[in-house]
Amino acid sequence: MKYSLKAILSIKWFFLIIFCFSCKPINYLYKEIKDLGFITYTTPLKEAGPGTLIGGSPKGLKLVASPETCFPKKIQEEKILRIDTTTIPKKEEIITTSGKANLKLLNMLSMGNATIGAGANFKKVRTVVLTMKGVHIEYFDSVELAYYYQEGMNETCKDFLDRFGFIIQALKVEELIFQFYDKSGVALKINLNNIEQILDLDTSINYDIENKLSLVIKTPKYIGYQLGRLIRQDNGLSLYRASKTRFGKFYFESLDLFSEEREHFGRTKRSLNILERDFKDLDFEDEIETNSELINL
């Protein structure tokens, strides 16, 4: 039985549409990252994992220092860095985008570390199917972090942490697998010669091409973060965490469950109402203090 070209293309699109309905669009991915308690990156950063010192605002992050500057690799590996694979519902996500949503997906992937953008011939791509493998959380153990701050951290780093925030948790993906389809629903064949015409890949990215159809990026990608505060006033206890933003500022919330009980014993509690707090003038415009609000629950 012979099929016309029109019928064949209709069949291809039918199966592609069915496949897309089983996948998640980019807006759903943003929502999942938010629901997990993370902020999405809005700025390309050479370093984006735990220990990275950053300043600026949520929409204009400024890299202050790499993770190893104040949190050396040996200290991270032996003491403070942890990996959590238990709180993420699934270790794999499949995202499907088409048309203008493709650029929205690439915009997200161009933020944080190991940036990925549109190449000169990306316009040939109608649909992108992205599989994220090995999704997990990297974080600093707060107790071990306090020991290190009090006993081992140098004074210069403490000076900077008094003025800037640091990434204390990050949502990490081990592998990104891309497949591309043209307007007829046909998978585009890719190779080492044409892939960089489709995607603009950061030079630090390690990738392979499988079966001439899949681009496998093996350089881990950070897609969400929480910001920590680590200042002398708190004696190295990371009591405040920003996992969301409001009114263009980082929204720091206290993790201290017993702050109100201590208030009954005569300790002073600072007024940190999000609508009332006045900020003092500071020397550096990119300090986290000027771009955040602290809330005691």
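Computed from a predicted model, the values in this text were never measured in an experiment.

All chains considered together, the criterion is met by one disulfide. The side chain of C70 participates in a disulfide bridge whose partner is C157; the two sulfur atoms lie 2.1 Å from each other. The disulfide joining C70 to C157 has a torsion of about -95 degrees about its S-S bond and is therefore left-handed. One end of the pair, C70, is in helix α3 (residues 67–70); the other, C157, is in helix α7 (residues 155–161), with 87 residues separating them in the sequence. By relative accessible area, C157 is classed as buried at 5%.

Glancing now at the pattern of salt bridges. Within this structure, the stated rule accounts for 10 salt bridges. Between D35 and K31 there is a salt bridge, with its nearest N and O atoms 2.7 Å apart. Of this pair, D35 and K31 both sit in helix α2 (residues 26–35), separated by four residues, roughly a single helical turn. With a relative accessible area of 53%, D35 lands in the exposed category. Overall, the relative accessible area of 47% leaves K31 in the partly exposed class.

As a further point, take helix α6 (residues 142–151). Within the span of α6, buried status applies to L145, A146, Y148 and Y149. Along the axis of α6, the buried residues cluster in a sector spanning 165 degrees; they form a single face. Opposite its buried face, α6 presents the exposed residues V143, Y147 and E151, each directed more than 90 degrees away. Buried residues belonging to α6 abut α3, α4 (73–80), β7 (136–140), α7 and β8 (165–173). Capping the start of α6, D141 holds a side-chain oxygen 2.9 Å from the backbone nitrogen of V143, two or three residues further along.

Right, let's get into the sheet that holds strand β11 (residues 207–210). The antiparallel open sheet is built from five strands, whose spatial order is β4-β6-β9-β12-β11. Pairing within the sheet leaves two strands with one partner each, and these edge strands are β4 (92–98) and β11. Taking the axes of each pair of neighbouring strands and ignoring which way they run, one obtains an average angle of 20 degrees across the sheet. In this structure, strand β6 (residues 127–133) lies alongside strand β9 (residues 175–181), joined through seven bridges in antiparallel fashion.

This paragraph deals with the pairing of strand β2 (residues 60–65). Sheet topology note: the strand β1 (residues 53–57)/β2 ladder contains five bridges and is antiparallel. Bridge pairing links S57 to G60 in β2. Linkage of β1 to β2, two consecutive antiparallel strands, is achieved through a turn of two residues.

Now for the packing of aromatic side chains. Across all of its chains, the model carries seven aromatic pairs by this definition. Both rings, one in F71 and one in F166, keep their centres 5.6 Å apart while their planes meet at 25 degrees; by these two values the pair is stacked. One end of the pair, F71, is in the loop between α3 and α4; the other, F166, is in strand β8, with 95 residues separating them in the sequence. For F71, a relative accessible area of 0% puts it in the buried group. Seen in terms of ring centroids, F178 and F180 are 5.9 Å apart; in terms of plane orientation they differ by 10 degrees. Their pairing is stacked. Three or more aromatic residues link up through ring pairs in this structure, and these residues are F71, F140, Y148 and F166. Taking NZ or CZ as reference, R246 lies 4.1 Å from the ring centre of Y251, over its face.

Parameters and conventions
Residues numbered from 1 in each chain as written. Predicted model: local features only at pLDDT ≥ 70, side-chain atom pairs only at ≥ 80, totals over all residues. Heavy atoms only, no water. Disulfide = S-S within 2.5 Å. Helix = DSSP H or I, 4+ residues; strand = E, 2+ residues; numbered from the N terminus. Buried < 20%, exposed > 50% of the residue type's maximum accessible area, 1.4 Å probe, protein only. Salt bridge = Lys/Arg side-chain N within 4 Å of Asp/Glu carboxyl O. Arc of directions from axis to C-beta. Contact = heavy atoms within 4.5 Å. Polar contact = N/O pair within 3.5 Å; in protein donor to acceptor, adjacent residues only side chain to side chain. Pairing = 2+ DSSP bridges. Axes fitted to C-alpha atoms, helices over the stretch in contact; angles between N-to-C directions. Phe/Tyr/Trp six-rings, centres within 6.5 Å; stacked < 30°, edge-to-face > 60°. Lys NZ or Arg CZ within 6 Å of the ring centre and 35° of its normal.

Taken by themselves, the reported measurements are silent on function.
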